[in-house]
Amino acid sequence: MSFLYRTRYIQTELGFHERLFVAVLTSKATLNTLAVAVNKTVAHHFPRLLYFTGLRSTKVPHGMALVAHGDERPIWLMYETMNYIHQHFGSDYDWFYVMQDDTYAQAEQVKALVTHLSINQDVYLGRAEEFIGGDEQARYCHGGFGYLLSRSLLLKLHPHLDSCRNEILSVRPDEWLGRCIIDFLGITCVSQLQGQHYHTYELAKNTEPEKEEEEEFHAALAVHPVSDMTLMYRLHKQFSRIQLDRAYQEIQDLQMQIRNLTALTPAGEAGVTWPVGINAPFLPKSRFEVISWDYFTEQHLFSCPDGSPKCELSGASKADVSEIIVSALEQLNRRYQPLLRFSKRQLLNGYRRFDPTRGMEYTLDLLLEAVTQKGHSHVLAKRVSLVRPLSKVEIIPMPYVTEATRVQLVLPLTVQDLDYVANFLDMFAMNTLDTRDNALLTLLFVYHPYDAQRVGQVDVFAGVKAMVGELEKRYAEVKIPWISVKTEVPSQVKLMDIVSKKHPVDTLFFLASVWTEINMEFLNRCRMNTISNWQVFFPVHFQEFNPAVVYRGEQTASSSTDFLRDGHFDRHSFAEACFYNSDYMTARTKLAADILDRDEVLDSMEVFDVFLHYSGLHLFRAVEPGLVQKYALRSCNPRLSEELYHRCVLSNLEGLASRSHLAMALFEQEQANST
């Protein structure tokens, strides 16, 4: 019997490669200055970038991936860098761009360049320079302006690197590499290839980038030499402004072409959408598809996330409104100056809505003061409409996770939960122990102080402990530990503090509730959606309605077509959570520093609040069809904070039945009373 082993990703099996890898040559002296400037300006525009140096400094700057070769000699650094790139990335990328940390490269221009070059050709592209005293036809690529190597050239060059190191003498690493490529591959550096030009610009001393108006500067892919961090930032600002001006000009040209072409269509000029080139607004097919507008002023929002009718405009929403008002004034002044100059008196009315086909739309009623060229002023109200269009969709890189991670379930239990423990343990045994899923369980017995004093005579959790003993007998290799806690207020954070200290930092926790029915499908999603030092997962479970109200004595629906029908996703509950212990400990440390010794603050918090306010991680909150809970009337502890108690009551009320079921029940009750 033979087995065919398949690759994990289809792109590996089909031989697809990533587009561009960037190597930045730096040194111990410039790692914390110029290399940091490169990292802050252009690094995030490249798909993959590594820094290479001879000797590692005492502290590597945050957010920089550094490879140290152990030798500062320039030729040795180049030799080791080429070897490293071939060994680790030679089979993964089509193009390799090598630059120095005193080079400013226009990342978007470099990425655009490689998209226009054939990957089947040996490419050595950069600023071509003559060798001193060498062949007039031979050229090497100047390292200060960066150069581009194709994958095919790198693969052919690698077997000769050792010979080049031993036979070629040179002071400059770029000359050494150029001589190596010429001697063994017969390929010389070129500045243009396949109709594409590698434009560069050499900076003079005391250059002011803001005043550079030469076409050569504007067209440059790489600028050299950059003497300090400040100059690097100024170059980045200037080139960003140049690119922005080009983009605006291209938009205007395209809009003009669209207007001209639309006039030739059957719809004529009436077919032109506003703004020109942006998708037309979404047209609803029914009243349920109508996108509602949110009303706002400069101080308040009248569609609040928590459902309240009015809330203060703050944070990102306030910044959004302020930016839109400023943009509206700029557009008005650009259109009417110098005849009129507008200034804002007041925002009378503001409306906004998100249209998924085009972006965020705004309608503003502005009270303006208009001043003429002669100084006469007049107050008028004007309505303006604006659109913040959706930009290009980007794929966000996420760390790789697997479904093999062990999940540590944590189940807090109070006296009110005893009726539901047996079902929880049965489902846990059937869906994890029987299937040998990589999951463990820890029980947390929360004793009321009165019950804790009588535990020697009557243990309220004795029945649960007996069930655990039976499970451990049935599954000899399984141990289900429990922890006993005495408290009147079972704060989720305080309970998690106790559990966290008893487990390793790399533990993946699933904080469960006694009504949770564990299954393998959900546990795998828990593993995939929880990423250490990156993301925590708070699933929204599906809560079944009260069968006595929904079915009113009729047979309960059990067919597969009724799955997730008679219930709702309980958005008021944050009881279930998946997170790593290391992430919780980090956030908890920041919380402790914030509240000092005021432990009573913890009674009003949940684990969700800890991650929301003190972690900086992604909070992945999503409905989870794999977590289905049978109907049960929860016991709401009045000793908890007012918000937690209110959410618990709302969860009970909304989990009773749908509005149609409640209406039918009331109707039948009134019918019965009338007869």
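Residues numbered from 1 in each chain as written. Predicted model: local features only at pLDDT ≥ 70, side-chain atom pairs only at ≥ 80, totals over all residues. Heavy atoms only, no water.

### Some thoughts on the environment of Arg241
No. 1: When you line up the elements, Arg241 lands in helix H9 (residues 229-262).
No. 2: Here the alpha-carbon distance between Arg241 and Glu210, two residues 31 residues apart in the chain, equals 9.7 Å. (Helix = DSSP H or I, 4+ residues; strand = E, 2+ residues; numbered from the N terminus.)

### A word on the nonpolar core
No. 1: Core analysis: the biggest nonpolar cluster contains 45 residues, and Leu20, Tyr51, Tyr97, Leu148 and Leu235 have the highest contact counts within it.
No. 2: Sorting the residues of this core by element identifies strand E1 (18-25), helix H2 (34-41), strand E2 (49-53), strand E4 (93-100), strand E5 (104-105), helix H4 (107-115), strand E13 (222-224) and H9 as the ones contributing at least two each.
No. 3: Discounting residues that sit within four places of it in the chain, Tyr51 has contacts with Val24, Thr26, Ala35, Val38, Asn39, Ala43, Met64, Ala65, Leu66 and Val67. (Core = buried A, V, L, I, M, F, W, Y, C linked by side-chain atoms within 4.5 Å. Buried < 20%, exposed > 50% of the residue type's maximum accessible area, 1.4 Å probe, protein only. Contact = heavy atoms within 4.5 Å.)

### Focus on the sheet that holds strand E9 (residues 147-150)
Where strands meet in a sheet, backbone hydrogen bonds hold them as pairs that are either parallel or antiparallel.
No. 1: Pairing in this open sheet of 6 strands is mixed, and the strands run E3-E2-E1-E4-E9-E6 from one edge to the other. Where the open sheet ends on each side, the last strands, each with one partner, are strand E3 (66-68) and strand E6 (124-126). Averaged over all neighbouring strand pairs, the angle between strand axes comes to 25°, with direction disregarded.
No. 2: Summarising the sheet, E1 and E2 pair through 4 bridges and their orientation is parallel. Among the inter-strand pairings, Leu25 is bridged to a residue of E2, identified as Phe52.
No. 3: With respect to the sheet, helix H7 (residues 173-185) is in contact with E6 and E9, its orientation differing from that of E6 by roughly 145°. (Pairing = 2+ DSSP bridges. Axes fitted to C-alpha atoms, helices over the stretch in contact; angles between N-to-C directions.)

### Here's the deal with the UniProt feature "coiled-coil region" (unreviewed entry) in the protein chain
No. 1: In the UniProt entry, the feature "coiled-coil region" (unreviewed entry) is given for residues 237-264.
No. 2: Here residues 237-264 runs as 93% helix and 0% strand, with 41 Å between its end C-alpha atoms. (UniProt positions renumbered as here; feature names shortened; annotations may be inferred.)

### Quick word on the state of the cysteines
Put plainly, a disulfide is one covalent bond tying together the sulfur atoms of two cysteines.
No. 1: Scanning the model with the defined rule gives 5 disulfides in all.
No. 2: Each sulfur in the disulfide pair Cys141 and Cys189 lies 2.0 Å from the other. Because the torsion about its S-S bond is 95°, the bridge between Cys141 and Cys189 counts as right-handed. Of this pair, Cys141 sits in strand E8 (residues 139-141) while Cys189 sits in the loop between H7 and strand E10 (192-193), placing them 48 residues apart in sequence. (Disulfide = S-S within 2.5 Å.)

### Remarks on the sheet that holds E13
No. 1: With mixed pairing, 3 strands are arranged side by side in an open sheet as E5-E13-E12. Because the sheet does not close on itself, it has two edges, and the strands there are E5 and strand E12 (200-202).
No. 2: Direction of pairing for E5 relative to E13: antiparallel, over a ladder of 2 bridges. When the sheet's bridge partners are listed, Tyr104 is paired in E13 with Val223.

### Section: H4
No. 1: Turning to H4, its buried residues number three or more, namely Ala107, Val110, Leu113 and Val114. The buried residues of H4 occupy an angular sector of 120° when the element is viewed end-on, so they sit on one face. (Arc of directions from axis to C-beta.)

### Overview of the pattern of salt bridges
No. 1: Applying the stated criterion to the full structure yields 29 salt bridges.
No. 2: Arg172 serves as the salt-bridge partner of Asp174, at 2.5 Å between the closest nitrogen and oxygen.
No. 3: Look at Asp174 and you get buried, because its relative accessible area is 4%.
No. 4: Residue Glu361 is joined to Arg358 by a salt bridge in which the shortest nitrogen-to-oxygen separation is 2.4 Å.
No. 5: One continuous salt-bridge network, built from bridges that share partners, spans Asp320, Glu323, Arg352 and Arg388. (Salt bridge = Lys/Arg side-chain N within 4 Å of Asp/Glu carboxyl O.)

### A word on the environment of Ile119
No. 1: Inspection of the secondary structure assignment puts Ile119 in the loop between H4 and E6.
No. 2: For the pair Ile119 and Tyr84, spaced 35 residues apart in sequence, the C-alpha separation works out to 21 Å.
No. 3: Those residues in contact with Ile119, other than ones at most four positions away along the chain, are Asp94, Trp95 and Ser152.

### Re the packing of helix H11 (residues 418-433) against helix H13 (residues 462-474)
No. 1: The N-to-C vectors of H11 and H13 enclose an angle of 15°; their axes lie 10 Å apart at closest approach. Between H11 and H13, the angle is such that the two are roughly parallel. Crossing hand, H11 versus H13: right-handed. The segment H11 lies against H13, with Leu418, Val421, Ala422, Leu425 and Ala429 engaging Val464, Met467, Leu471 and Arg474.
No. 2: Among the residues forming the contact of H11 with H13, the class breakdown is 8 nonpolar, no polar and 1 charged. (Parallel < 35°, antiparallel > 145°, perpendicular 65-115°, else oblique. Left-handed = near helix turned anticlockwise from the far one by under 90°. Nonpolar A, V, L, I, M, F, W, Y, C, P; charged D, E, K, R; others polar.)

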